[in-house]
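A closer look at the structure
Below are the chains, spelled out letter by letter.
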Amino acid sequence: MLVAEFDYHLPKELIAQEPIEPRDASRLLVVDRKSKEFYEARFSEIGNWLSPGDLLVVNDTKVIPARLFGVLPTGGKMEFLLLRRIEPGVWETLTRPARKARVGTRVKFDRFEGLILSRQEKGVRIVRFEPGDIDHFLWTKGEIALPPYIRQKCERPDRYQTVYARSPGAVAAPTAGLHFTPELLKKIADKGVRIASITLHAGLGTFRPVKAERVEEHQMYPEEFELTLETARVVNRALEEKRRVVCVGTTVVRVLEGQAIMSDGKVQVQPGRGLTSLYIYPGYQWK
């Protein structure tokens, strides 16, 4: 299957450069699978397509300000995009300009230095920050890494977080959930819809473009996830009772699918944490 088969024209002037207010005023496209009809609505109306007993699963990852700007020994500038913390002080990182990010290079960030330890596949560098970890520095000096089609600087980082974000680690936002407000979530819960959460820290696997010519040749870069015992129990109970499990976004889909197994003729999800590189495209056999 050719990647080109999925191409479509999107005029640049139709790409919003700032978020709508309020969040749930954004547009919603509803596809009726039975009638094959399409409906345009507002996101605030999403409860019309949810029923009492449904389980809504969200991704509670929190976007970190992972973009840092440092200085090379030559005086030139280098941009770091932190992808994933391997251990305290050691990160998987993208660098720009990449050609200057040689092993052994030291990059200065205020009172920290980033030492490039090794080069991995897909242009990723392993960097150790000295002295110690840089969490506080990130949250005070780092910038949110916006998608390339957003040309304005992020003046309100809170709008690039979901209202239920609580687990820091994502580089990119789980965008499907950006439109929920606390009031809308309460309205949905009051209707009898239960809400549970997983964590998937969206990173390089989510935002890196597909460069392969054929869909099957693309490989997803691993991303960190966690599915707690509590959420697994809630999902499995819904499956046993044949209630709908509604996933907010592809990050939730990938975690639940990746943790799904067949047991005694029934599908169950297993709790766990680790890395997922699950890649779903047409022809995938859903669990």
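See the structure shown above.
What you see is a predicted model, and the numbers here were worked out from it, not measured in a lab. (Residues numbered from 1 in each chain as written. Predicted model: local features only at pLDDT ≥ 70, side-chain atom pairs only at ≥ 80, totals over all residues. Heavy atoms only, no water.)

1. Concerning the sheet that holds strand β17 (residues 272-276)
Sheet strands associate in pairs through backbone hydrogen bonding, adopting either a parallel or an antiparallel arrangement. Reading across from one edge, β14-β3-β12-β13-β17 is the order of the five strands in this open sheet, with mixed pairing throughout. Two strands close off the open sheet at either side, each with one partner strand: β14 (245-247) and β17. Direction aside, neighbouring strands of the sheet carry axes that sit 30° apart on average. Sheet topology places strand β12 (residues 194-200) next to strand β13 (residues 223-227); two bridges connect them, and they run antiparallel. Bridged to Leu200 within β13 is Phe225. Of the strands in this sheet, β3 (55-59), β12, β13 and β14 touch helix α4 (residues 229-240), which is tilted by about 130° from β12. (Pairing = 2+ DSSP bridges. Helix = DSSP H or I, 4+ residues; strand = E, 2+ residues; numbered from the N terminus. Axes fitted to C-alpha atoms, helices over the stretch in contact; angles between N-to-C directions. Contact = heavy atoms within 4.5 Å.)

2. Description of the nonpolar core
The biggest cluster of nonpolar side chains holds 26 residues, and the ones touching the most others in it are Leu68, Phe80, Leu82, Phe109, Phe129 and Ile134. Of all elements in the fold, only β6 (77-87), β7 (90-96), β8 (106-109), β9 (112-119), β10 (125-130) and α1 (135-141) reach the threshold of two or more residues within this core. Ranked by residues supplied to this core, first place goes to β6 with five residues. Leaving out residues up to four positions away in the same chain, Leu82 has contacts with Ala66, Leu68, Trp91, Glu92, Thr93, Phe129, Ile134, Leu138 and Val171. Counting 16 residues, the second-largest nonpolar core is a separate cluster that includes Ala196, Val235, Ala238 and Val269. (Core = buried A, V, L, I, M, F, W, Y, C linked by side-chain atoms within 4.5 Å. Buried < 20%, exposed > 50% of the residue type's maximum accessible area, 1.4 Å probe, protein only.)

3. Here we look at the layout of surface pockets
To find leftover empty space, a probe the size of one water molecule is rolled over the atoms. Each pocket or cavity is described by its volume, and for the second largest pocket that value is around 1200 Å³. Taken together, 30 residues form the lining of the second largest pocket, with Arg33, Val245, Val246, Cys247 and Val253 sitting closest to its centre. Listing elements by their share of the lining of the second largest pocket, those giving two or more residues are β1 (27-31), α4, β14, α5 (250-258) and β16 (266-269). Of the residues that constitute the lining of the second largest pocket, the class distribution is 23 nonpolar, three polar and four charged. (1 Å grid on protein atoms, 1.4 Å probe; cavity = no way out; pocket = protein on both sides within 12 Å on 5 of 7 lines; lining within 4 Å. Points joined across faces, edges and corners; volume = space filled by probe spheres on them. Nonpolar A, V, L, I, M, F, W, Y, C, P; charged D, E, K, R; others polar.)

4. Some points on the pattern of salt bridges
Within this structure, the stated rule accounts for 16 salt bridges. Glu21 is paired through a salt bridge with Arg156; the nearest N and O atoms lie 2.9 Å apart. With Glu21 in the segment before β1 and Arg156 in the loop between α1 and β11 (167-170), this pair connects stretches of sequence that are 135 residues apart. Among the residues examined, Glu21 registers a relative accessible area of 49% and is labelled partly exposed. Of the charged contacts in the structure, one is a salt bridge between Arg243 and Glu241, with a shortest N-O distance of 2.8 Å. Residue classification places Glu241 among the partly exposed positions, given a relative accessible area of 46%. Shared partners join several salt bridges into a network, and the residues in it are Glu21, Arg156, Asp158 and Arg159. (Salt bridge = Lys/Arg side-chain N within 4 Å of Asp/Glu carboxyl O.)

Function cannot be read off these values alone, since they describe shape.
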